[in-house]
Amino acid sequence: MGVSGGILQPSWPERLADLLPVLLVWLDREGRIVRVNPFFAAFTGFTVEEVVGLDWFETFVPPRERHRVRAVHAATLTDISTSGTLNAIVRRDGSEADIEWQNRALHAEDGAFEGCLAFGVDATERVRARRALEHSEAMLAEAQRIAHIGSWELDLRTMQARWSAETYRILEVDPGTSDLFEQFVARIHPDDRPGGVARFEAAVTSGAPVDELARLLMPDGRIKWVRQRAGLMNVDLDERGQPTRMVGTLEDVTERVLGEQAITAERTLLRSTIEVFPGFAGVYTKDGALVSANSAARRLSGRTDDRTAPWALPGWPTAETGASLREGFTRALTEGEARFEIRVGSLEIEAAFEPIRDTDGEITHVAAFGLDVTPRNRALARAQASEARLIEAQRIARVGSWELDLSTNVLRWSDEVFRIFEIDPRSFAASYEAFLATIHPEDRPRVDDAYQRSLRERRPYEVGHRLLMPDGRVKHVHERGEHAFDAAGTPVRSVGTVHDVTLLVDAEERLRRVLDAMAPFVAVLDLEGRFVEVNRAPSSSSARIATPCSGRSCGSDRPGRSTRPPWPRCGRACGAPRRARCSART
């Protein structure tokens, strides 16, 4: 580092210093160079004469080092000698060298300060090696941290251990803790500890390497899984020639073990699910070799241990079945999936082939599933046949059915209702309002009132009304309906029937016209003697009828008594409207 003082006269010590293979620098109190030896000049690329009088700190010390080097120089001025101080110097060509210095103050015989003398040794390679080692150790520590792998060393004579930083982190032990071997043993799960210690002792005795999984029990109750690898070092042997050190690594594999356990559990669950799947399931390689199959598939194919392609199994009843299987397998590989029905003997199977891909999206296997849909298809066929019969019965009886979802106002009509109303299903916006619009305008309020009243009173209803066709024709229908209510009493659905009674009404009208054209008076009475129907008889036959006869009994001016024949008291002369109904029910 430096030295300062008065100019020394040449003497044999100086001449000896000029011969030393070390850097010698004399600095004055301000840090200016008084003298350097030839080795320094040659090392830095200067001449001795060039450097005399230069400021040591500004010329040779890099800016980053100047503050620290000035502090060392100031300490030397107070007669504090330093040894092993390391700092860089700058050579003439701009390169740097790391120098290890020894510094001391020089005093005259009378004790006066004469300067600072520094001896420097080139430590560049040593510093580089040390920095490389530090860098390597830092990289190793970082690699261990990233990989969750710690290292350790155990002296078998003293049972004293040394751990890397990652080992401390894995075991969650404070770096200042002593008795590290005991700390590791204490971390082993109590259930695994006796076996782990026994295997360690056996490895020390036999020299066999250790490679095992172990559970660690953390203080907070967590479980960690570690993989321990260890072996004896055949260096530093004792007097008997036995190894005295064991080294090893400790890898935290908790995530991997838990992941494998989860995968194993998932696979077990998947196998169990496939096994209880109410159908046939199998997994095949891309070449068609069977990897696994559930018991239902094995029973269906008639084989339990065959690993050939599914379409090659001799258990399949027909060649067509095998061809269908091959087609589905091929389509799964080329198109991504395949779904269709095949027949296996008397069974109808709904088959599905799906590719299984790896994380890169490449197909590795094909999964095949089959579901016996024979009962479903048969039930569907029966339902379709029943529906066809119902449709035909409705057509013959001219009775249609309907359903109104009150939460969505969606109205559903059977085909016969559409035929009765003569409406194209494709052009009908099925709703309650659309239904009302089809009713004869004169009947519309009455029908709506009957429906709404039945909802309020929560009872079935029936009502007859007319339909006005676009061409002016009138149809007569009779409707019945009832409602479903939820737990709160809110109506949620209405269902009912529509009966086309146009033919009956028309026949009744024709009969009425015939009766009205008859000269004799004609009447229909119920079992209690009340009038139900009367014809429009000639006025001469009903001249004595002065008031309407509705609800009257035969031969009496008061309802309920029947002492005389009814015909003198009834007729159109009473003013009753055409087709008057004289029953108390009307």
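Residues numbered from 1 in each chain as written. Predicted model: local features only at pLDDT ≥ 70, side-chain atom pairs only at ≥ 80, totals over all residues. Heavy atoms only, no water.

### Considerations on the overall build of the protein chain
Step number 1: Each helix and strand in the protein chain was counted, giving 17 helices and 22 strands.
Step number 2: Of all 586 residues assigned to the protein chain, the portion counted as buried reaches 37%.
Step number 3: The contacts in the protein chain between residues at least 6 apart in sequence include a share of 43% that link residues at least 24 apart.
Step number 4: Accessible area for the protein chain stands at about 33,700 Å²; split by element, carbon and sulfur atoms hold 56% of it. (Helix = DSSP H or I, 4+ residues; strand = E, 2+ residues; numbered from the N terminus. Buried < 20%, exposed > 50% of the residue type's maximum accessible area, 1.4 Å probe, protein only. Contact = heavy atoms within 4.5 Å. Areas by Shrake-Rupley, 256 points an atom, 1.4 Å probe, with all protein chains shown as cover.)

### Things to note about the pairing of strand S5 (residues 113-122)
Step number 1: Note: strand S1 (residues 23-27) against S5, 5 bridges, orientation antiparallel. In the sheet register, Trp26 faces S5, and the bridge partner there is Leu117. (Pairing = 2+ DSSP bridges.)

### Side note on the sheet that holds S1
Step number 1: Taken in spatial order, the 5 strands of this open sheet run S2-S1-S5-S4-S3, and their pairing is antiparallel. In this open sheet, the two strands that pair with only one neighbour each are strand S2 (33-36) and strand S3 (82-90). When strand polarity is set aside, the average angle formed by the axes of neighbouring strands in this sheet is 30°.
Step number 2: In this sheet, strand S4 (residues 96-107) lies alongside S3 in antiparallel orientation, the contact comprising 8 bridges. Its bridge partner being in S4, Ala88 is matched across the sheet by Asp98.
Step number 3: Contacting S1, S3, S4 and S5, helix H5 (residues 63-77) runs over the sheet at an angle of about 145° to S3.
Step number 4: Helix-sheet contacts for helix H6 (residues 124-147) involve S3, S4 and S5, and the interaxial angle to S4 is about 125°. (Axes fitted to C-alpha atoms, helices over the stretch in contact; angles between N-to-C directions.)

### Looking at empty space enclosed by the protein
Step number 1: Counting across every chain of the model gives 3 cavities of 30 Å³ or more.
Step number 2: What lines the largest cavity is Trp402, Leu404, Leu411, Trp413, Tyr432, Phe435, Tyr451, Tyr461 and Glu479.
Step number 3: Within the residue set of the lining of the largest cavity, elements represented by two or more residues are strand S16 (399-405), strand S17 (410-413) and helix H15 (432-437).
Step number 4: Split by residue class, the lining of the largest cavity holds 8 nonpolar, no polar and 1 charged. (1 Å grid on protein atoms, 1.4 Å probe; cavity = no way out; pocket = protein on both sides within 12 Å on 5 of 7 lines; lining within 4 Å. Points joined across faces, edges and corners; volume = space filled by probe spheres on them. Nonpolar A, V, L, I, M, F, W, Y, C, P; charged D, E, K, R; others polar.)

### Description of the layout of surface pockets
Step number 1: Taken as a whole, the largest pocket spans an internal volume of roughly 470 Å³.
Step number 2: Broken down by secondary-structure element, the contributors of at least two residues to the lining of the largest pocket are helix H10 (254-276), strand S11 (280-285), strand S12 (290-293) and strand S15 (363-372).
Step number 3: By residue number, the principal contributor to the lining of the largest pocket is H10, which donates 7 residues.
Step number 4: Here the residues of the lining of the largest pocket are counted per class, giving 10 nonpolar, 3 polar and 4 charged.

### A few points about the packing of aromatic side chains
Aromatic ring pairs are reported here in terms of the distance separating the ring centres and the angle at which the planes meet.
Step number 1: Summed over the entire model, instances satisfying the criterion amount to 17 aromatic pairs.
Step number 2: Considering the side-chain rings of Phe46 and Phe60, the 5.4 Å spacing of their centres and the 75° angle between planes classify their relative orientation as edge-to-face. Note that Phe46 is positioned in the loop between helix H2 (38-44) and helix H3 (48-51) and Phe60 in helix H4 (residues 56-60), a separation of 14 residues in sequence.
Step number 3: Every member of this aromatic cluster is reached through a ring pair, and the members are Trp413, Phe418, Phe421, Phe428, Tyr432, Phe435, Tyr451 and Tyr461.
Step number 4: Arg91 extends its terminal NZ or CZ atom over the ring of Phe43, reaching a point 4.2 Å from the ring centre.
Step number 5: The ring of Phe485 has Arg458 sitting right over it, with the charged end atom 4.5 Å from the ring centre. (Phe/Tyr/Trp six-rings, centres within 6.5 Å; stacked < 30°, edge-to-face > 60°. Lys NZ or Arg CZ within 6 Å of the ring centre and 35° of its normal.)

### Regarding the side chain of Asp252
Step number 1: The residue Asp252 is located in strand S10 (residues 245-252) in this model.
Step number 2: Lys224 is the oppositely charged side chain nearest to the buried, salt-bridge-free Asp252, at an N-O distance of 4.1 Å.
Step number 3: Aside from chain neighbours lying at most four places away, what touches Asp252 is His148, Ile170, Lys224, Trp225 and Val226. (Lys, Arg positive; Asp, Glu negative; His and termini not counted. Salt bridge = Lys/Arg side-chain N within 4 Å of Asp/Glu carboxyl O.)

### Details of helix H17 (residues 502-517)
Step number 1: In this model H17 runs 22 Å from its N-terminal to its C-terminal C-alpha over 16 residues, within 8% of the 22 Å that 1.5 Å per residue would give.
Step number 2: For H17, the full list of buried residues reads Thr502, Arg512 and Asp516. Buried positions in H17, seen along its axis, are confined to an arc of 80° and lie on one side of it. Of the exposed residues in H17, the ones pointing more than 90 degrees away from its buried face are Leu503, Leu504 and Ala517.
Step number 3: As for H17, its buried residues are in contact with strand S19 (474-485), strand S20 (491-500) and strand S22 (531-534). (Expected span 1.5 Å × (residues − 1). Arc of directions from axis to C-beta.)

### As for the sheet that holds S12
Step number 1: Read across the sheet, 5 strands follow the order S12-S11-S15-S14-S13 without closing on themselves; strand pairing throughout is antiparallel. Of all strands in the sheet, those with a lone pairing partner are S12 and strand S13 (338-344), marking the two edges. For this sheet the average axis-to-axis angle between neighbouring strands, irrespective of direction, equals 25°.
Step number 2: Alignment of S11 against S15, held across 6 bridges, turns out to be antiparallel.

### Some words on the pattern of salt bridges
Step number 1: Here the structure, examined in full by the defined rule, presents 43 salt bridges.
Step number 2: One salt bridge connects Glu100 with Arg126, and the closest N-O pair in it is separated by 2.2 Å. Taken together, the residues Glu100 in strand S4 and Arg126 in helix H6 connect sequence positions 26 residues apart.
Step number 3: Among the residues examined, Arg126 registers a relative accessible area of 49% and is labelled partly exposed.
Step number 4: With its nearest N and O atoms 3.5 Å apart, the salt bridge here joins Glu125 to Arg128. Highlighted residues: Glu125 and Arg128, both in helix H6, separated by 3 residues, approximately one helical turn.
Step number 5: Judged by relative accessible area, Arg128 falls into the partly exposed class, the value being 48%.
Step number 6: Linked through salt bridges whose partners overlap, the residues forming this network are Asp211, Arg227, Arg229, Glu251 and Arg256.

### Quick notes on a nonpolar patch on the surface
Step number 1: A cluster of nonpolar side chains, namely Leu511, Val514 and Met518, defines an oily patch on the protein surface of about 260 Å² accessible area.
Step number 2: Following the sequence through the fold, Leu511 ends up in helix H17. (Patch = residues over 30% accessible without salt bridge, like charges linked within 9 Å, V, L, I, M, F, W, Y side chains within 5 Å.)

### Digging into the confidence of the model for the protein chain
Step number 1: Averaged over all residues, the pLDDT of the protein chain equals 80, while 82% of them reach at least 70.
Step number 2: No element of the protein chain has a lower mean pLDDT than helix H1 (residues 12-19), which averages 65, and none a higher one than H4, which averages 95.
Step number 3: Between residues 1-9, whose pLDDT stays under 50, and residues either more than four places distant or in other chains, the model counts 49 contacts.
Step number 4: A low-confidence stretch, residues 539-586 stays under pLDDT 50, and its non-local contacts, those more than four residues away or across chains, total 94 contacts. (pLDDT = per-residue confidence, 0-100.)

### Observations regarding the pairing of S10
Step number 1: With 6 of its 8 residues buried, S10 lies for the most part within the structure.
Step number 2: Two strands pair when backbone bridges link them, and strand S9 (residues 223-233) and S10 are joined in this way by 8 bridges, in the antiparallel orientation. By the bridge assignment, Gln228 is partnered in S10 with Leu250.

### Observations regarding the nonpolar core
A general feature of soluble globular proteins is that nonpolar side chains tend to end up buried together.
Step number 1: Of all hydrophobic cores here, the largest spans 24 residues; its most connected members are Trp402, Leu411, Trp413, Phe421 and Phe435.
Step number 2: Setting aside residues no more than four positions away along its own chain, Leu411 makes contact with Trp402, Glu403, Leu404, Phe428, Ala430, Ser431 and Phe435.
Step number 3: Ile170, Val173, Val210 and Ala214 belong to the second largest nonpolar core, which has 22 residues in total. (Core = buried A, V, L, I, M, F, W, Y, C linked by side-chain atoms within 4.5 Å.)

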